[in-house]
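Breakdown of the fold
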2 protein chains.
Amino acid sequence: MTDPSQFISKRAQSRKSSHFANVPSDAPPTGFKPHPKPLLLSYGTPNDGFFPIDSIDVNLVNFPFEHQSKHGGHLNGHKEANGTAKSGNNSLHISRHTDDPKLLDLSRGLQYGPVAGLGPLLEFTKEFITKTHKPAYSEWNSILSTGASDGLNKACDAILDPGDVVLVEEFTFTPFLKFVNNVGGVAVPVKINLSKESDGLDFDHLESLLVNWSKENPSLPKPKALYTISTGQNPTGYTQTVEFRRKVYKLAEEHNFVIIEDDPYGYLTLPKYNSSRFSSNNKVDPADLKNDLTIEEYLSDHLTPSYLELDTTGRVIRVETFSKLFAPGLRLGFVIAHKKVIEAIQNYGEVANRGASGLAQTVVNNIINDKLGGLDGWLNWILKMRATYSHRKDLLLHSIYQSEAFQKGLVDVIDPKAGMFVTFKVKFLDPAEGKVASDQVVSAMKQLLWKVISHGVLVVPGYNMTVDQKFSLERSNFFRLCYAPLNNDEEIIESGKRLTDAVLEFHNNGNKF
Amino acid sequence: MTDPSQFISKRAQSRKSSHFANVPSDAPPTGFKPHPKPLLLSYGTPNDGFFPIDSIDVNLVNFPFEHQSKHGGHLNGHKEANGTAKSGNNSLHISRHTDDPKLLDLSRGLQYGPVAGLGPLLEFTKEFITKTHKPAYSEWNSILSTGASDGLNKACDAILDPGDVVLVEEFTFTPFLKFVNNVGGVAVPVKINLSKESDGLDFDHLESLLVNWSKENPSLPKPKALYTISTGQNPTGYTQTVEFRRKVYKLAEEHNFVIIEDDPYGYLTLPKYNSSRFSSNNKVDPADLKNDLTIEEYLSDHLTPSYLELDTTGRVIRVETFSKLFAPGLRLGFVIAHKKVIEAIQNYGEVANRGASGLAQTVVNNIINDKLGGLDGWLNWILKMRATYSHRKDLLLHSIYQSEAFQKGLVDVIDPKAGMFVTFKVKFLDPAEGKVASDQVVSAMKQLLWKVISHGVLVVPGYNMTVDQKFSLERSNFFRLCYAPLNNDEEIIESGKRLTDAVLEFHNNGNKF
């Protein structure tokens, strides 16, 4: 195996872990015997008797949107007037002390904890990855983060020195560019293939960039890493097939770069749009929202393998988060990579923020390990989430497909295989097909965006999510639609209607506001 | 007023705040009308209907260690066999939705939130500082952090460019040195005066360093900042008087440096040791643990003013935390400084970790604003904390004062005016008094530490908390004792006994293990 130490930045290599209050690491004098019950006057840790919280009860729902559907509504229905429903006996007690090794109590959760994360939850992330995306080598490890952004920032710190190049999908989660910039790295865009059946990332462009690198970029070192959102890509929604990933991983071996795989919502796998689910009044049968997959079917037939599963040389850094599967406000996620990379991330964690909130870790750990019953219980919750997202995605597509704008061929959408984003293409503003000059596409899309906003729907224009706006002009005639935030079915249908109405009006007005 | 922009590092100045999903900031076209009820297909924020938690009940104690004292014990008594006591009706309900503007609900607390912190809690920190340590100018601001370490790391990032010098108390919270190192700064130690009545920081040394800087350090720029733990200093426990702070602030104005004031436990003000509280069997009357101060007495007569209160030019950065007053596992704190410094910290927060857990913010905010009744309720909780710490401090001193080692003059302690640390001086290993050679003090203290450990008590040696071990040899013959972690009165008394027994034995054995 290649030694993954070669990937670690000089900055990260120079850091060491230490604590001034630890027992000395040098050899004790002859005759020294450890005391059976030492008393601590060392660490500045308040006794848990100082904590004002004695215990916490967490009241759970059984499925997403349950609180909206108490009175016979469907899973994704209207909000009720007074919000919160009683959850009956579906609640979890977190006490000050517990002896169960799988659970966390407040004396640990509210205390200072290890930067890497508290034991039971850290172990759970390893169990989870072993079941879902097991790396193809053994020396991997996990570390908790305060969410995907924190994980990505720490991954950048771990491997990028000033001047190092990282390849990035041309349309991307742009905060990543701040993380690259923060360590003096250089982000270089790789094209995305925006055709109907696509893996997203343009393999031919990626390969030609790498093969011709030294010739075409004499002043830049060869890329140290590729950053990819390989499943349900943000903003385009594309998912790379496993065959495609094999080809990319082979390139990584040949050209010796790291793959930073960002996967915040890849577990939300989505079946193809199916019109037969919708009745003539746009309603969907609530029965369709039931999860009808077993965990084994989900893992073997629906979930796309991670780059981790192809990794034999410890060059993949996978960044996960609990934000989309549980809740963003926890500020909780984790990173899986070779143990030397994880060690570098941990040493940076001692500088930058000291890890995730123990309160958030305790609540999530105990919900999973106590209330849901562990790994399979967590996977069952994920299945319920994907069923709800799948419904929302189809509802939005359905609303768009029924529109005059779509039926006249003015717009198109990419049906995503995972995640929470749909690419909404404005076909009459396609510079690649000569419908508008390349240097005019952003200004035309800006005018259209104002029209869309005036119709009462907010979307993200592709040109706002570029590594280099100029580089991507030919492919910037799209909006990213996200079906995650809206409240209910009616709003989703209405949003598709408003959007397509706005586009039609803009087009009928000669591509003017 | 000097423009505090001059203090901001080039790195921090180059960062900008932005979000790709925000509504365009340029002017809308003629005829544009905003829609009254826009629907969001823009942000990647899951609807709160996806959150598995419907509500949370937090069960509180009325005073520290209440759970140990349910059956007539005193505040700092034995742990009960099965830990958690029922808190009766002293509990707080956090629902999915609330309309109360002072409270947070789960739809906000579990959602993505502003990097600076959620509104009500951020407002509370400003109210709190206005009451306790109001800055002497108006353009200050607050930002939440994930604890003091995060606040300090971000403060370093905000003001230090590579090569910039920061003056640091020679014995200090050494993780700060990692934060300095992380941005390429240079830490230079300032002596601490370890005499009985002292402000800690050695003013004469500080002044002479500054006055002679260019002559004695031709290769280093003049210091950009002073880092000081000015109240209950870590590790020495000293507190600077307000007169002393005025002199230091004057130096800061003259030599134009920033003061980074780290104050994690300064609110724990401690009265002088009073032997009359202890009966012959070492027990203290539980009545003595009652807080007998009013909030006004506490604020006017007990709490030492912060550097903020002297600051007229926006050069003080005050770093606070909820770790010691509430619980460390929250990972929650805040920073108060000039609004331009806070803006720089916020822009770094968008890169490094995106701020504190919304769950922790929600729990703390609602405990304070709902259950405790706001600012005065929080101050009342602090008064209960300080009464308990005061008891613990006196108990530890009492145990040491009664020892043979103390009565023979082998050791001495510094009675702290605030915080959680006591300096425990080993007088027969004092290099300044010629009791041991300077180059032997660390090895002698190391041998003594092993003896202390073998007696069953863990302490932190001063030499482990230096900026530069060599620089501080003359003053390294002490241990830091922390009375925060132990479980009860008996353990505190026993720890003092074990420590002094160990020292006596070491001394009687000819300063050998």
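Per chain, residue numbering runs from 1 following the sequence as it is written. Just so you know, chain letters begin at A and ligand numbers begin at 1, following the order they were written in. The predicted nature of this model means local features are confined to residues of pLDDT at least 70 and side-chain atom pairs, given and counted, to a pLDDT of 80 or more, with totals for whole chains, interfaces and linings taken over all residues. With hydrogens and water stripped out, all remaining heavy atoms of the structure feed into the side-chain values.

So, the overall build of chain A
Strands here are runs of E lasting at least two residues and helices are runs of H or I lasting at least four, both read from the DSSP assignment and numbered beginning at the N terminus. Assigned secondary structure in chain A consists of 15 helices and 15 strands. Scaling as 2.2 N^0.38, a compact globule of 513 residues should have a C-alpha radius of gyration of about 24 Å, and chain A matches this with 25 Å. Dimensions of chain A, computed from the C-alpha atoms along their principal axes, are close to 90 × 65 × 40 Å. The proportion of buried residues among the 513 residues of chain A is 65%. Residue contacts follow a heavy-atom distance rule, with two residues in contact if any of their heavy atoms lie within 4.5 Å. For chain A, contacts bridging at least 24 residues in sequence account for 75% of all contacts bridging at least 6. Only the protein chains shown count as cover for residues, with accessible areas throughout obtained via the Shrake-Rupley method and a probe of 1.4 Å. Counting every atom, chain A has about 17,900 Å² of accessible surface; 49% of that belongs to carbon and sulfur. Charged side chains of chain A number 55 positive and 59 negative; the gap between the two group centres comes to 3 Å. Throughout, the radius of gyration refers to the C-alpha atoms, and the reference size of a globule is 2.2 Å times the residue count to the power 0.38. Burial classes follow relative accessibility: with a 1.4 Å probe on protein chains only, a residue under 20% of its type's maximum area counts as buried, one over 50% as exposed, and anything between as partly exposed. Here the positive residues are Lys and Arg and the negative ones are Asp and Glu; neither His nor the chain ends is included. In plain terms, the charge of a residue is placed at NZ if it is Lys, CZ if Arg, CG if Asp and CD if Glu.

Remarks on the environment of Lys10(B)
Residue and element names in this part refer to chain B. As for its placement among the helices and strands, Lys-10 is situated in helix H1 (residues 10–13). Overall, the relative accessible area of 64% leaves Lys-10 in the exposed class. Considered as a pair, Lys-10 and Leu-160 are 150 residues apart in the sequence and their alpha carbons are 8.4 Å apart.

Some thoughts on the relation of the copies chain A and chain B
In superposing the copies, a least-squares fit is computed on C-alpha atoms, taking residues whose pLDDT is at least 70 in both. Note on the identical chains: chain A maps onto chain B by a rotation of 180° and an axial translation of 0.0 Å, with an RMSD of 0.0 Å. The superposition operator between the copies reduces to a two-fold rotation axis. When each C-alpha of chain A is compared by its distance to the rotation axis, Asp57(A) comes out closest, at 2.5 Å. A shared binding surface is used by both copies, with 100% of the interface residues of chain A retained as interface residues in chain B.

Digging into helix H12 (residues 375–401) of chain A
A helix's residues, less one, multiplied by 1.5 Å, set its expected span. The terminal C-alpha atoms of H12(A) lie 38 Å apart, and with 27 residues this matches the ideal 39 Å at 1.5 Å per residue to within 8%. Across the 27 residues of H12(A), 24 count as buried, placing the element largely inside the fold.

Brief notes about the packing of aromatic side chains
Only Phe, Tyr and Trp rings are paired, with Trp represented by its six-membered ring, and only when their centres lie within 6.5 Å; those with planes under 30 degrees apart are stacked, over 60 edge-to-face, the remainder tilted. Applying the stated criterion across every chain yields a total of 39 aromatic pairs over all chains. Pairing Phe176(A) with Tyr227(A) gives two aromatic rings, centres 3.6 Å apart and planes at 5°, and the pair type is stacked. Of the two residues, Phe176(A) sits in helix H5 (residues 175–182) while Tyr227(A) sits in strand E7 (residues 225–228), which places them 51 residues apart along the sequence. In this pair, the class of Phe176(A) matches that of Tyr227(A), namely buried. Here the aromatic rings of Tyr401(B) and Phe406(B) are separated by 4.9 Å at their centres, their planes lie at 55°, and the arrangement is tilted. For Tyr401(B), a relative accessible area of 19% gives the class buried.

Points about the confidence of the model for chain A
Atomic detail in the predicted coordinates should be set aside for any region of low pLDDT. Residues and elements named next belong to chain A. Within chain A, residue pLDDT values average 93, and 94% of them lie at 70 or more. pLDDT expresses how confident the predictor is about each individual residue, on a scale running from 0 to 100. Below pLDDT 50 for its whole length, residues 71–75 participates in 8 contacts with residues either more than four positions away or in separate chains. Scored below 50 in pLDDT, residues 77–87 makes 30 contacts in the model with residues more than four places away or belonging to other chains.

Thoughts on the packing of helix H4 (residues 148–159) of chain B against helix H5 (residues 175–182) of chain B
Residue and element names in this part refer to chain B. Where helices are involved, their axes are fitted lines through C-alpha atoms of the stretch in contact, as for all axes, and angles between N-to-C directions lie from 0 to 180°. Close contact between H4 and H5 brings their axes to 9 Å; oriented N to C, the two are set at 30°. Taken together, the axes of H4 and H5 are roughly parallel relative to one another. In terms of crossing hand, the pair formed by H4 and H5 is right-handed. The residues of H5 that touch H4, namely those facing Ser-149, Leu-152, Asn-153 and Cys-156, are Phe-176, Phe-179, Val-180 and Asn-182. When describing relative orientation, an angle under 35 degrees is termed roughly parallel and one over 145 degrees roughly antiparallel, while 65 to 115 degrees is termed roughly perpendicular and anything else oblique. Helix crossings get a hand from a simple test, with the near helix turned counterclockwise from the far one by less than a right angle marking a left-handed crossing and a clockwise turn marking a right-handed one.

Some points on the sheet that holds strand E15 (residues 478–482) of chain B
Residue and element names in this part refer to chain B. For two strands to be treated as a pair, DSSP must find at least two bridges joining them. Sheet architecture is open: 4 strands sit in the order E11-E12-E15-E14, paired in antiparallel fashion. Looking at strand neighbours, the two that pair on one side only are strand E11 (411–414) and strand E14 (460–461), the edges of this open sheet. Pairing between E11 and strand E12 (residues 421–426): 4 bridges, direction antiparallel. Of the residues in E12, the one forming a bridge with Val-411 is Val-426. Contacts from helix H14 (residues 441–454) reach E12, E14 and E15 within the one sheet, and its direction differs from that of E15 by about 35°. Together, E11, E12 and E15 form the strand contacts of helix H15 (residues 489–508), whose direction differs from that of E12 by roughly 15°.

With respect to the pattern of salt bridges
When a carboxyl oxygen of Asp or Glu lies within 4 Å of a side-chain nitrogen of Lys or Arg, that pair is called a salt bridge. Evaluated as defined, the whole model comprises 58 salt bridges over all chains. The salt bridge involving Arg245(B) is made with Glu261(B); its shortest N-O contact spans 3.3 Å. Residue Arg245(B) is found in helix H8 (residues 242–255), and its partner Glu261(B) is found in strand E8 (residues 258–262); the two are separated by 16 residues along the sequence. The shortest N-O distance in the salt bridge between Glu433(B) and Lys435(B) comes to 3.8 Å. Residue classification places Glu433(B) among the exposed residues on the basis of a relative accessible area of 56%. Take Lys435(B): its relative accessible area is 46%, and that puts it in the partly exposed class. Where salt bridges share partners, they join Arg245(A), Glu261(A), Asp263(A), Arg318(A) and Glu320(A) into one cluster.

Considerations on the interface of chain A and chain B
Contacts between the two partners involve 126 residues from chain A and, on the opposite side, 126 residues from chain B. Buried area: the sum, over both parts, of the accessible surface (1.4 Å probe) that disappears when the two are put together. Both sides together, the interface formed by chain A and chain B hides about 10,500 Å², and carbon and sulfur atoms give 62% of it. Area buried by chain A at its contact with chain B is led by Phe20(A), Leu41(A) and Phe50(A), which between them contribute 10% of it. For the interface between chain A and chain B, the tally reads 4 salt bridges. Taking the shortest distance from any N to any O, the salt bridge between Lys446(A) and Asp26(B) comes out at 3.8 Å. Element by element, the count of residues in the side of chain A that touches chain B is highest for strand E2 (residues 53–60) of chain A, at 8 residues. When residues are sorted by character, Ala, Val, Leu, Ile, Met, Phe, Trp, Tyr, Cys and Pro go into the nonpolar class, Asp, Glu, Lys and Arg into the charged class, and all the rest, Gly among them, into the polar class. Classifying every residue of the side of chain A that touches chain B gives 63 nonpolar, 41 polar and 22 charged. Relative to strand E2 (residues 53–60) of chain B, E2(A) is paired through 7 bridges, and the arrangement is antiparallel.

Comments concerning the sheet that holds strand E14 (residues 460–461) of chain A
Strand-to-strand pairing in sheets goes through backbone hydrogen bonds, with the strands running parallel or antiparallel. Residue and element names in this part refer to chain A. Overall, antiparallel pairing links the 4 strands, which are arranged E11-E12-E15-E14 in an open sheet. Only two strands of the sheet have a single neighbouring strand rather than two, namely strand E11 (411–414) and E14. In terms of strand pairing, E14 meets strand E15 (residues 478–482) through 2 bridges, oriented antiparallel. What sits directly across from Val-460, in E15, is Arg-480. This element, helix H14 (residues 441–454), spans strand E12 (421–426), E14 and E15 of the sheet and lies at about 35° to E15. Taken strand by strand, helix H15 (residues 489–508) contacts E11, E12 and E15, and its axis lies near 15° from that of E12.

Topic: the pairing of strand E6 (residues 186–190) of chain A
Residues and elements named next belong to chain A. As paired strands, strand E5 (residues 165–169) and E6 are joined by 5 bridges and run parallel to one another. What sits directly across from Val-165, in E6, is Val-186. Throughout, right-handed denotes a crossover for which the path from the first strand over the helix to the second runs clockwise when the strands point away from the viewer. With H5 bridging E5 and its parallel neighbour E6, the resulting β-α-β unit is right-handed.

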